[in-house]
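# Working through the structure, step by step
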There are 2 protein chains.
Amino acid sequence: MSEPPGVAAWRNTAAEAAVATGDGDALELVELFFFAYRDFVGDADRLLENYGFGRAHHRVLHFVNRRPGLTIAALLDILRITKQSLNRVLKQLLEAGFVEARAGVVDRRQRLLYPTPKGATLARDLAALQSARFRKVMDELPPAARGAASKFLFAMIDSGERERVRAHLACAKAAGGAT
Amino acid sequence: MSEPPGVAAWRNTAAEAAVATGDGDALELVELFFFAYRDFVGDADRLLENYGFGRAHHRVLHFVNRRPGLTIAALLDILRITKQSLNRVLKQLLEAGFVEARAGVVDRRQRLLYPTPKGATLARDLAALQSARFRKVMDELPPAARGAASKFLFAMIDSGERERVRAHLACAKAAGGAT
DNA sequence: CTATTTACGTCAACTATATTGACATAAATC
DNA sequence: GATTTATGTCAATATAGTTGACGTAAATAG
């Protein structure tokens, strides 16, 4: 039984491709990023199951907890989903008592979103899981590599988005650095 | 207009949470990881739209191209989805002529998956986009931080999974390091 | 050689997350 | 008073995933 036909041909195109793009290492990084993200979100997924919530709920709860008083528009801007999509999960979080909405004081059309104590607790538990992974990673890493992680991740963000992300982080920090 | 009621209360729980988990920095990393991954997959998403494919197709095509001759079982193991879910997208890739399946030579029950030339080209184009982001990041980063990225990402993977990931990478490398 | 296990395919129903498009309402602003 | 803005909502659709049940051909154990 010889090698199935096509394998040799494939090896050629693969070799050409490697030459064309010039990266075996970058490809490894692509895959490592995929696997790392998969496991990273897996932690939270397991906890969320106990509440009947999914990733969409997690994201909403996270950002509401991180920046209490967030408006719908601001949340849509962060999540980059449609208001219809947001509304489904937000309604569930409101009904289940994890988030509450109050009319804006300066502009009463706005709904300012706040975590309830119950919501803040869940958000903190979820964040603790994910933070724990990062802290463990930092422990495993040589000290010289530790500072590099946040620089690396920030550099991975679209350059046009970095200002907004920076603003979000500053805003969260100003809000009190919630969980 | 005074501060809406509840804000002060929230600040307290937030402060407690910060003390309890001890991390404002880890939280920032959590969010940076979220934003970085969002933009990272966004590149490929835009290209995939031209073909009527989604992320699920991308993942299948990527791993088939990276490890030609992959079996269904091996693919399921990497992707961690059900065979029913895989089958839907795989069928489309087969019908559209981006992937082809041949009966295994040693075990004829197995279907060995190979990219077609067309499939290899698309896989390479997708990989080129994502590799390009990594290379750009490496250029932006101080030299000392460059080696840290892959160490960091690898450390982010579940410790129980690392061996398998390492095996996958070795396998892909042995297969010719296909783009 | 028969029995079982393995590798895979498939039908069906369902869930979660997202989309587009249209329309409604109340509050702010011109 | 007219318009714009912030938000809610109804409906249809797409994508990606699930569980469960059943089928089939090939490998393997007895």
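So, here is what we can say about the structure in this document. Keep in mind it's a predicted model, so treat the numbers as computed, not measured. (Residues numbered from 1 in each chain as written. Chains lettered and ligands numbered in written order. Predicted model: local features only at pLDDT ≥ 70, side-chain atom pairs only at ≥ 80, totals over all residues. Heavy atoms only, no water.)

## Structural notes on the packing of aromatic side chains
According to the stated counting rule, one finds 25 aromatic pairs over all chains in the structure shown. Centre to centre, the rings of A:Phe33 and B:Phe134 are 5.9 Å apart; their planes meet at 90°, and the pair counts as edge-to-face. Of the two residues, A:Phe33 is situated in helix H2 (residues 25-49) and B:Phe134 in helix H6 (residues 117-140); the pairing between them involves two chains. A relative accessible area of 0% places A:Phe33 in the buried class. (Phe/Tyr/Trp six-rings, centres within 6.5 Å; stacked < 30°, edge-to-face > 60°. Helix = DSSP H or I, 4+ residues; strand = E, 2+ residues; numbered from the N terminus. Buried < 20%, exposed > 50% of the residue type's maximum accessible area, 1.4 Å probe, protein only.)

## So, the interface of chain A and chain B
If you look at the interface, chain A gives 75 residues, while chain B gives 75 residues. Together, the buried faces of chain A and chain B total about 7,500 Å²; carbon and sulfur atoms form 70% of this surface. One can count eight salt bridges joining chain A with chain B. Where B:Arg133 meets A:Asp158, a salt bridge forms, and the shortest distance between an N and an O atom there is 2.6 Å. (Contact = heavy atoms within 4.5 Å. Buried area = accessible area lost by both parts, 1.4 Å probe. Salt bridge = Lys/Arg side-chain N within 4 Å of Asp/Glu carboxyl O.)

## A short note on the protein's contact with DNA strand D
Neighbouring DNA strand D are 24 residues, the closest being A:Lys83, A:Arg109, A:Arg111, B:Arg59 and B:Thr82. For DNA strand D, the fraction of atoms within 4 Å of the protein that belong to sugar or phosphate moieties is 61%. Separating a phosphate oxygen of DNA strand D from a backbone N or O atom of A:Ile72 is a distance of 3.5 Å. When contributions to the surface near DNA strand D are tallied by element, the ones reaching two or more residues are helix H4 (72-79) and helix H5 (83-95) of chain A together with helix H3 (55-66) and helix H5 (83-95) of chain B. Taken together, the residues that form the surface near DNA strand D break down as four nonpolar, nine polar and 11 charged. (Near = heavy atom within 4 Å. Polar contact = N/O pair within 3.5 Å; in protein donor to acceptor, adjacent residues only side chain to side chain. Nonpolar A, V, L, I, M, F, W, Y, C, P; charged D, E, K, R; others polar.)

## Points about the pattern of salt bridges
Following the criterion strictly, the structure yields 29 salt bridges over all chains and no others. A:Glu163 is paired through a salt bridge with A:Arg166; the nearest N and O atoms lie 3.1 Å apart. Taken as a pair, A:Glu163 and A:Arg166 lie in helix H8 (residues 159-174) at a separation of three residues, close to a single helical turn. A relative accessible area of 51% means that A:Glu163 is categorised as exposed. Overlapping salt bridges, with partners in common, bring together A:Arg38, A:Asp39, B:Asp77, B:Arg80, B:Glu161 and B:Arg164 in one network.

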